[in-house]
Amino acid sequence: MNTPSQVTESVVRNHLQAFLEHKGLDAILADYADDASFLSDSRTYRGKTEIREFFEDFVAALPAQAVQQFSLHSLRCEDNVAHIIWSAGSELPLGTDTFVVHDGKISFQTCALYVPPVV
């Protein structure tokens, strides 16, 4: 029987795989509960329709080769909460996300990125 931490890790790894393997927005969104919330630095996205908007904008704004340069530095899970630290090349040297998983779906996520200034 899987522990809550194992379920959470499985959901987060599936979410990352969908993104990194270019499986498309439907595959990425399949990991979210219908009433999920996603907090970014600019706004709160509520529900899959709004979360889709975030990912449409995020994917469109990614630097060239960012997905190929993605590196997962850590993934820690405690019960239904997961935290990841990642990078995606020199243009995205630090990203961090926190996920809350209920009933095998992401119910809440935060995301923060450090983007160095262009000189």
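Look above for the structure.
Here's a quick rundown of the structure.

Rules used throughout
- Residues numbered from 1 in each chain as written.
- Predicted model: local features only at pLDDT ≥ 70, side-chain atom pairs only at ≥ 80, totals over all residues.
- Heavy atoms only, no water.
- Helix = DSSP H or I, 4+ residues; strand = E, 2+ residues; numbered from the N terminus.
- Expected span 1.5 Å × (residues − 1).
- Phe/Tyr/Trp six-rings, centres within 6.5 Å; stacked < 30°, edge-to-face > 60°.
- Buried < 20%, exposed > 50% of the residue type's maximum accessible area, 1.4 Å probe, protein only.
- Pairing = 2+ DSSP bridges.
- Axes fitted to C-alpha atoms, helices over the stretch in contact; angles between N-to-C directions.
- Lys, Arg positive; Asp, Glu negative; His and termini not counted.
- Salt bridge = Lys/Arg side-chain N within 4 Å of Asp/Glu carboxyl O.
- Polar contact = N/O pair within 3.5 Å; in protein donor to acceptor, adjacent residues only side chain to side chain.
- Contact = heavy atoms within 4.5 Å.

Remarks on helix α1 (residues 4-20)
Here is step 1 of the chain: The end-to-end C-alpha distance of α1 is 24 Å, a good match for the 24 Å that 17 residues give at a rise of 1.5 Å each.
Here is step 2 of the chain: Directly beyond the C-terminal end of α1, a positive phi value near 55° is found at His-22.

Remarks on the packing of aromatic side chains
Here is step 1 of the chain: Taken as a whole and assessed by the stated rule, the structure comprises nine aromatic pairs.
Here is step 2 of the chain: Ring centres 5.9 Å apart and planes at 75° place the aromatic pair Phe-38 and Phe-55 in the edge-to-face group. Linking Phe-38 in strand β1 (residues 32-39) with Phe-55 in helix α3 (residues 47-61), this pair joins segments that are 17 residues apart in sequence. For the pair Phe-38 and Phe-55, a shared accessibility class is recorded, and that class is buried.
Here is step 3 of the chain: Look at Tyr-45 and Phe-54: their rings are 5.4 Å apart centre to centre, the planes differ by 65°, and that puts the pair in the edge-to-face class. This pair shows no difference in class: Tyr-45 is buried, exactly as Phe-54 is.

Regarding the sheet that holds strand β3 (residues 70-78)
Here is step 1 of the chain: In space, the six strands of this open sheet follow the order β2-β1-β6-β5-β4-β3, with mixed pairing throughout. In this open sheet, the two edge strands, each paired with only one partner strand, are β2 (44-46) and β3. Averaged over neighbouring strand pairs, the angle between their axes works out to 15° when direction is ignored.
Here is step 2 of the chain: With nine bridges joining them, strand β5 (residues 94-102) and strand β6 (residues 105-114) adopt antiparallel strand pairing. If you follow Val-101 over to β6, its bridge partner there is Ile-106.

Some words on the side chain of Asp-31
Here is step 1 of the chain: Note that Asp-31 resides in the loop between α2 (25-29) and β1.
Here is step 2 of the chain: Buried and unpaired, Asp-31 has no salt bridge, with Lys-105 as the nearest side chain of opposite charge at 5.8 Å.
Here is step 3 of the chain: At a separation of 3.4 Å, a polar atom in the side chain of Asp-31 contacts the main-chain amide nitrogen of His-15.
Here is step 4 of the chain: Excluding anything up to four places from it in sequence, Asp-31 contacts Val-11, Asn-14, His-15, Lys-105 and Ile-106.

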